[in-house]
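One letter stands for each residue in the lines below.
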Amino acid sequence: MNITPLQFYKCLADETRLQSILLIQQEGELCVCELTTALDESQPKISRHLAQLRECELLKDRREGQWVFYQINPELPPWAKDVLVQTCAQNKDYLKSADQRLKQMGNRPQRKEQCC
């Protein structure tokens, strides 16, 4: 993967996309329903922004039954991964409300235990 800094930052130049990717960075993976709750946004809006992040190749998705889970693309260059890790670690207040809503969410989808 060969994303330029300009492409990377353009993809994150929207608050919904930035918060989504930082929450995914923090949690490891999330589905649309978890992001709609955390960000208090509509499902179509979250889905549209996740599609843009996939098109930018910042996210990968995987299907598990009826759920689609999103995670940071493991093929991102190290500098891009570092930016996400540091932004998430150094800006806990930026995600505080979203994180609280996510933690209070009932009925979160179950993930299969990853083995080996």
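The structure displayed is predicted, hence computed values, not measured ones.

What counts as what
Numbering of residues starts from 1 in each chain and follows the order in which that chain's sequence is written. Predicted model: local features are reported for residues with pLDDT of at least 70 only, side-chain atom pairs are reported and counted for 80 or more only, and whole-chain, interface and lining totals are derived from all residues. To obtain the side-chain values, all non-hydrogen atoms of the structure were included, while hydrogens and water were left out. In DSSP terms, a helix is any run of H or I states spanning at least four residues, a strand is any run of E spanning at least two, and both are numbered starting from the N terminus. C-alpha atoms define the radius of gyration in this analysis, and the globule rule sets the expected value at 2.2 Å times the number of residues to the power 0.38. We call a residue buried when its accessible area falls under 20% of the maximum for its residue type, exposed when it is over 50%, and partly exposed in between, using a 1.4 Å probe and counting protein chains only. Nonpolar cores were defined as sets of buried Ala, Val, Leu, Ile, Met, Phe, Trp, Tyr and Cys residues, with membership established by side-chain atoms within 4.5 Å. Whether two residues are in contact is decided by their heavy atoms, any of which lying within 4.5 Å being enough. Any Lys or Arg side-chain nitrogen located within 4 Å of an Asp or Glu carboxyl oxygen qualifies as a salt bridge.

**Some thoughts on the overall build of the protein chain**
Next up, step 1: Summing up its helical and strand segments, the protein chain has six helices and three strands in all.
Next up, step 2: In the protein chain, the succession of helices and strands from N to C terminus is α-α-β-α-α-β-β-α-α.
Next up, step 3: Taken over the C-alpha trace, the protein chain has a radius of gyration of 14 Å; the compact-globule value for 116 residues is 13 Å, and the two agree within 12%.
Next up, step 4: Across its three principal directions, the C-alpha atoms of the protein chain cover 40 × 35 × 30 Å.
Next up, step 5: When burial is assessed residue by residue, the protein chain has 38% of its 116 residues classed as buried.

**Here we look at the nonpolar core**
In a soluble, globular protein the nonpolar side chains are often hidden away together inside.
Next up, step 1: Counting residues in each nonpolar core, the largest one holds 29 residues, and the members touching the most others are Ile21, Leu23, Ile24, Leu50, Leu58, Leu59 and Leu84.
Next up, step 2: For this core, the secondary-structure elements that each account for two or more residues are α1 (5-11), α2 (15-27), α3 (32-39), α4 (43-55), β3 (67-72), α5 (78-90) and α6 (92-104).
Next up, step 3: Beyond its immediate stretch of four places on either side in the chain, Leu50 contacts Ile24, Val32, Leu35, Leu59 and Tyr70.

**As for the pattern of salt bridges**
Once their charged atoms are close, side chains differing in charge can pair, the charge on each being opposite to the other.
Next up, step 1: All chains considered together, the criterion is met by six salt bridges.
Next up, step 2: Where salt bridges share partners, they join Glu27, Asp99 and Lys103 into one cluster.

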